[in-house]
Amino acid sequence: MKKLFIVANWKSNKDSIQINNWIEGFKNTNKEVIICPSFVHLPILKSYISNHKSEIKLGAQDISPYDAGAYTGEVNARQIKEFADYVIIGHSERRENFNETDELIIKKIDMATKHELMPILCVSDINQVQNSKVKIQNYNSKLIIAYEPLFAIGTGSPDTPENADKVALDIKSELNGVSVLYGGSVTANNVKSFTQMSNIDGVLVGGASLDANEFSEIIKNS
Ligand code: PGA
């Protein structure tokens with residue numbers, strides 16, 4: 001059976017009380033579940049994981065393109081590595097609202113890989129993979145790609161599983177050996193239609209991951 005990744009992207013949501021409530025409502029699981037909270041909440045989740053001997057993994061939602069140094073406001077890969085094993089890079093909200101370019105994104109992937117964080121590179125179409133292919137193809141086995149079409153993010157209108165599977169296959173033929181996730185309006189009702197496709201190795205969930213019950217259902221149904 002393929003290894004499934006179920007990733008929660010909490011975006012800029014939740015305070016520490018809401019995180020405690022979420023933790024109380026969440027049912028433990030043996031799938032590769034990765035929670036990506038805001039940076040400031042990584043320590044709370046890390047202590048929950050060690051206190052409960054949970055198998056949940058942590059990821060950051062972004063990373064500095066630089067190592068430690070004079071870069072006010074940035075959180076670098078070594079700092080993230082103290083808490084997390086994964087990092088989301090190049091989410092469309094960062095490409096759009098923070099003008100992230102393919103060049104910057106490649107620097108972030110380099111930094112993550114150097115410090116043994118697994119990058120979850122978000123792309124909205126195959127062109128974004130092709131633009132970075134030459135630079136990232138050496139990382140294939142140390143890289144997860146999340147295909148997240150813009151029309152599906154936060155809209156309640158996911159891509160069709162058939163098209164998502166086709167894009168996942170196209171990505172895999174560009175980058176041999178990568179795992180490919182689907183993201184965009186994934187819910188407990190539709191998750192299986194994606195995870196059962198042969199080229200899709202998991203899901204990246206935004207809105208529906210904020211509620212512990214809904215997220216537990218997503219994991220159960222995946
Ligand atoms: P959504 O977001 O599940 O709320 O559509 C997905 C994402 O942006 O990663």
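Residues numbered from 1 in each chain as written. Predicted model: local features only at pLDDT ≥ 70, side-chain atom pairs only at ≥ 80, totals over all residues. Heavy atoms only, no water.

Undergrad: So what about the pairing of strand β2 (residues 32–36)? Which residues, and what values?
TA: When a strand is regular, its side chains alternate between the sheet's two faces. For β2, the buried fraction is high: five of the five residues fall into the buried class. Neither face of β2 is left uncovered, since the one carrying Glu32, Ile34 and Cys36 and the one carrying Val33 and Ile35 both have all their residues buried. Sheet analysis places strand β1 (residues 5–9) next to β2, joined by five bridges and oriented parallel. Paired with Asn9 across the two strands is Cys36, which belongs to β2. As paired strands, β2 and strand β3 (residues 57–60) are joined by two bridges and run parallel to one another. Bridge assignment links Ile34 to a residue of β3, and that residue is Lys57. Viewed along the sheet, the connection from β2 through helix α2 (residues 42–51) into β3 turns out right-handed. (Buried < 20%, exposed > 50% of the residue type's maximum accessible area, 1.4 Å probe, protein only. Helix = DSSP H or I, 4+ residues; strand = E, 2+ residues; numbered from the N terminus. Pairing = 2+ DSSP bridges. Right-handed = clockwise from strand over helix to strand, strands pointing away.)

Undergrad: Give a description of the packing of aromatic side chains that names residues and reports values.
TA: Taken as a whole, this structure holds seven aromatic pairs when the rule is applied. Ring centres 4.8 Å apart and planes at 10° place the aromatic pair Trp22 and Phe26 in the stacked group. For the pair formed by Trp22 and Phe26, the shared burial category is buried. What links up through ring pairs into an aromatic cluster is the set Trp10, Trp22, Phe26 and Phe215. Directly above the ring of Trp10 sits Lys14, whose terminal nitrogen or CZ lies 5.2 Å from the centroid. A cation over an aromatic ring shows up here: Arg94 above the ring of Phe98, its NZ or CZ 4.2 Å from the ring centre. (Phe/Tyr/Trp six-rings, centres within 6.5 Å; stacked < 30°, edge-to-face > 60°. Lys NZ or Arg CZ within 6 Å of the ring centre and 35° of its normal.)

So far we have only geometry, and geometry alone does not tell us how the molecule works.
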